[in-house]
Every structure is written in structure tokens, then in C-alpha cells.
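Chain and residue survey
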Amino acid sequence: MTTSRNKALLLALCAATAATTLSVTLPAAATATTSAGADVAAGAGAPVPRLVWHPCAAPGGPATQECADLPVPLDYADPSGPQIKVAVSRVRSDRPRARRGALVVIPGGPGGSGVQRLTQKGEALRGQLGGAYDLVTFDPRGVGGSTTASCGLAPGDRYLTSLRAWPAADGDITENVARAQRIAEACAANGGPVLRSFTTANQVRDMDRLREALGEDKLSAWGVSYGTYVGAVYAQKYPERTDRWVLDSSGDPDPARVARGWLANMAQGAEDRFPDFAAWASHPDRDKDGLRLAHDAADVEPRLLALAASLDRAPRPSTTPGVPLTGNGLRQTLQNALYSDSAFPALARLLLSLDDPAATPVLPPELARPMRDEDAAQLVGVLCNDVAWPRDGAAAGQRAVDEDRARHPLTAGMPVNVLPCAFWKSAPEQKPTRITAQGPSDILMIQSRRDPSTPLSKGLKMREALGARAVLVTVEQGGHGLYLGNGNACGDRTVTTFLTTGKRPARDTTCAN
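This report concerns the structure included in the present document. (Residues numbered from 1 in each chain as written. Predicted model: local features only at pLDDT ≥ 70, side-chain atom pairs only at ≥ 80, totals over all residues. Heavy atoms only, no water.)

A few words now on the overall build of the chain. Assigned secondary structure in the chain consists of 15 helices and twelve strands. Compactness check: the chain gives a C-alpha radius of gyration of 22 Å against a globular reference of 24 Å for 513 residues, within 12% of the reference. Dimensions of the chain along its principal axes, counting C-alpha atoms only, are 65 × 50 × 40 Å. Residues counted as buried form 59% of the 513 residues belonging to the chain. Across the chain, every contact between residues at least 6 apart in sequence was considered, and the portion connecting residues at least 24 apart equals 79%. (Helix = DSSP H or I, 4+ residues; strand = E, 2+ residues; numbered from the N terminus. Rg over C-alpha atoms; globule rule 2.2 N^0.38 Å. Buried < 20%, exposed > 50% of the residue type's maximum accessible area, 1.4 Å probe, protein only. Contact = heavy atoms within 4.5 Å.)

Put into C-alpha cells, the structure is as follows:
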């Protein structure tokens, strides 16, 4: 789960991060199987790391952004053993007298770069928060400037439409099953202990390691999409170390399913959200831009599905040599566009271009090239390392896809299709954390009414789990990732007020569109 549509992952989350990644060679001791799942304190038995900061401002980001490398144990059960690095970044408060602590920006994904997100959102956060915090973040293991792993996957297995396991045009999953087996075998052969350490539990421990290195007794946080789950797990593990906690666009934290449930829930999310696009695309205002797809909103979905079926039969050559636009490519483009109203015009232009037999469609960047091997390894690793997935066989998988295709034609069975996790060679080191109401009441949730990735019906499962710890603000609009992201003044104001004053609504409430 993440808010950038250009980073839509297996979970509608993130594609390749733009930041440079760096692999490392570990000492021989690191070749043994890790026990990273051991439930140990993040810093137990290891000295507090020292951060050496250096300027790392990027175009469009805060001029004062700094970066450093945080050393963390490969295996927290062996804190003095092999170390890997986590790239961290900060923007210090420019008003020391107003500063009240550190706010960690928890990236979405799996696969989102916190460093990149701080570059994108740092100035907006500074404007909202008035110097109340040092803004800090990190690239999770396997992402950006942190230590990476590689599965050695062929380029054809690293396209988003491959990793997302879209069934064949007729719904058959034979090719998906073969690819899932191939990826699982490659990751087992090439990923090593670093890949096996890519877990939510270790991301939480690394985050607490960052707290120690910053010298903070507590952290405040803003987590988005998958970052809400990371934030919820941190708040469960270390409740006494949380200050003001914002969970933006949450999924169901069901410990028996975790990412498998998030992915499956996207089918309902797309159905919830699509009417917003249909209403926009059929509105008379689109006439002046030449983007009107239909005169009646009810006609938009049949038109899109007909175009996808046509591309299933005859893919169209695109402006990217060797990469045609397929029906599944169009369906994936739709999924990405549903994240934000700002993406609607580009989707409409693509759909309109398909009416012209002589036109050559332009692929969105996330479809035009394969993901880097390191990025594919990271997101598959987290999904598959966190929880055991069913191993029911191809026949059961085909039945599930057939049923889901019939129920949710916009997603065509992809959300329940077979992934490499069904053939993963290593078992999870520990069970996922169960989120409960135990701990201080210091959490503000914000959720879209029509979220294409983490539907409200599932976000309510997180709200139920947190009980009296949380208050929920439901924003009466569509989109994924709300704070400073989808233009709702009431939602932004509510979050900012909480982070700067600690005041939340007295009870669950709504914000009008």
C-alpha cells in the first residue's frame, strides 16, 4: 500500500523507487539462516548508533534535508553480529523554541522510500506544523539507499503486470502459477539472509533503532497505506514510545492474512472508487477539455471493459518498443489512476486515444519498463516473509480467480491470484502482531470513504482493533492517502491540529468533500 500512483505495488502499492539502491557484501557469518523473527528489543545488547549527517537536498524538496546511514543488526537476535544499513533522512525544525519532538514519516509499500517521500512532502509538512517537529524518515531494508537484496529475476518477470499476477485474457492462471514458482525459487537461491530479513517486524525494530539514535524518548508518526500497518505494529510493540500517531489510509490488520487480505480487498476498493471516475468522465465540464467519455456515468464502465477486452484480443503497439498495451495493462493503469482525482485526465486521454486505430498509445511510466530486480525482491520478500500463505494448488487458485472475476470485473481476478508466496521456501520467523486496544489513546486515523486500495470497510477493521486508542475521521471523497494528498481542507486541518496541539475530535467523525 502507498500513496504515489507511480509506485503501485503488488498491493496497489509502490513500483520501483527512484532513489539509488546499494547492495552490500556481508561477512561469511551472515550466510547462516537468520532468526530475525525473535521478539527482542530493537536495541538490546548493541550500542546506540551514531548518525553522521550530510546534506542531501533534492530538487523540489527542502533545502535543509540531510541524510545518514543507520547501522542495524541483520538479525536482532544477534545484535553484535553482521550489520546492514538503513538510509535515514531528516529536516530539522527551523523554530527550536517551538520544537516538541521528532515526527517520523513512515513510507507505504512495501517498497516505498521514506527519504523520497520526505523530499516530496517535507515543505508541505513544514508549512503545516510550524517547526513543532524535526521531520525524520527512513528507507526500509531493501529500498533506496538501504542495504538491498536481489532475486536474479528475468526482466519479463519484473513488469508490474507480471508481479501483480493478472490472469490471462480468458481467466486462465497457468502462466501465473509458473511465474510464481519461478520467482519463489529464484529468491530462495539468490536472496540469502538479507532478503529473509525483509519483514514488517524488522522494519519496526529498525524504526525504534532510529529513535534511539536520535536520542528521543518518544516518536510521533505519520504512516500512509502499508505505513499504517508498520505504525500500528510499532504502537503495539512499544506503546510507551509513541506520542502523536497518525494512520492515513489503513487496511485490515488481520494477523492471519496481512498482505494477502490487503491485496484481495482491492477488488472491493476498485468497485467503491470507480463511480467517482465515471461521474468525472461523463460530466459536461469534460467537453471543454475534450475528455468526456460518455454522457451518462453508467456508460463509462462498459466502455472501459470493452476496450480492455479488445486489447486482450489484439494488444496495441505502444510508444515503448517491444511493450504493447494489453488489456491487463489498461486494467493496471485504471488501478493506478483511481488513487487520485489528479490522475483522471491522463486515464481519459489514454482511453480516448484507443478509439483512433492510427494512434499509438503512450504507456504510463510504471508499465513501460520492468522494475529493478532489487525493488521486486524487496516487495515480494516482505509479502512472503510476514505470513504463511495458503498452498492450496492451482485448481483452488483457478476457482478463486473465476469467482472474483465474475464478482469484480474491473480487477479481473488479479487480487486473489496466485503469488510467489504460495511457493515460498522459508517459513515466517514469527507470527504477525495482533493489533489491540492496549496502550495510550494517542492515535488519529484518517480514511477515504471510497479508497481503491484500502477500502473503508477494511479500514474499519483497524479502527475496531485499536478500540479506545484511536479516533477515526472519514473523509467523504475518494482516493488513497489523504493528509496533504487529496485536497480535503477539513481532513488536513484535523490532522495538523492533532499533531500540533494534541487535540482530536471527541469521537469518530466525518469531513465533507
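A complete count under the given rule lists 28 salt bridges for this structure. A salt bridge links E66 to R90; the nearest nitrogen and oxygen atoms lie 2.8 Å apart. One end of the pair, E66, is in strand β3 (residues 66-73); the other, R90, is in strand β4 (residues 83-91), and 24 residues separate them in sequence. Side by side, E66 and R90 carry an identical accessibility label, which is buried. Residue D206 pairs with R141 through a salt bridge whose shortest N-O separation is 2.7 Å. Of the two residues, D206 sits in helix α5 (residues 200-214) while R141 sits in the loop between β6 (133-138) and β7 (147-148), which places them 65 residues apart along the sequence. On the basis of relative accessible area, R141 is assigned to the buried category, the value being 4%. (Salt bridge = Lys/Arg side-chain N within 4 Å of Asp/Glu carboxyl O.)

Okay, the state of the cysteines next. Following the criterion strictly, the structure yields four disulfides and no others. For C56, the disulfide goes to C67, at an S-S distance of 2.1 Å. Across the disulfide from C56 to C67, rotation about the S-S bond amounts to roughly 75°, and the bridge is consequently right-handed. Within this pair, whereas C56 is found in the loop between β2 (54-55) and β3, its partner C67 is found in strand β3, the two being separated by eleven residues in sequence. (Disulfide = S-S within 2.5 Å.)

If you trace the ten strands from one edge of the open sheet to the other, you get β2-β3-β4-β6-β5-β8-β9-β10-β11-β12, paired in mixed fashion. For this open sheet the edge positions go to β2 and β12 (509-511), each flanked by a neighbour on one side alone. In the packing of helix α1 (residues 114-129) onto the sheet, the strands contacted are β3, β4, β5 (101-106), β6 and β8 (219-224), and the crossing angle to β6 comes to about 165°. Of the strands in this sheet, β9 (242-248), β10 (443-450) and β11 (470-478) touch helix α14 (residues 456-466), which is tilted by about 160° from β10. (Pairing = 2+ DSSP bridges. Axes fitted to C-alpha atoms, helices over the stretch in contact; angles between N-to-C directions.)

Following G109, the chain continues to P110 via a peptide bond in cis, the omega torsion being 5°. Topologically, P110 is positioned in the loop between β5 and α1. Positive phi, close to 60°, is recorded for A165, a residue that is not glycine. Tracing the backbone shows A165 in the loop between α2 (160-163) and α3 (174-190). Look at S225: it is not a glycine, yet its phi comes out positive at around 60°. Residue position: S225 is located in the loop between β8 and α6 (226-237). The class for S225 is buried, based on a relative accessible area of 0%.

The buried count for β5 comes to six of six residues, which makes it a mostly enclosed element. As defined by bridge partners, β5 adjoins β6 across five bridges and the pair is classed as parallel. Opposite A102, over in β6, you have D134 as the bridge partner. In terms of handedness, the path from β5 via α1 over to β6 forms a crossover that is right-handed. Bridge count for β5 against β8 is four bridges, and the pairing is parallel. Directly across from V104, in β8, lies its bridge partner A221. (Right-handed = clockwise from strand over helix to strand, strands pointing away.)

For the rest of this paragraph, the subject is helix α12 (residues 373-386). In this model, α12 (14 residues) spans 20 Å end to end at C-alpha, consistent with the 20 Å of a helix rising 1.5 Å per residue. Within α12, 14 of the 14 residues are buried, which leaves it mostly tucked inside the rest of the structure. (Expected span 1.5 Å × (residues − 1).)

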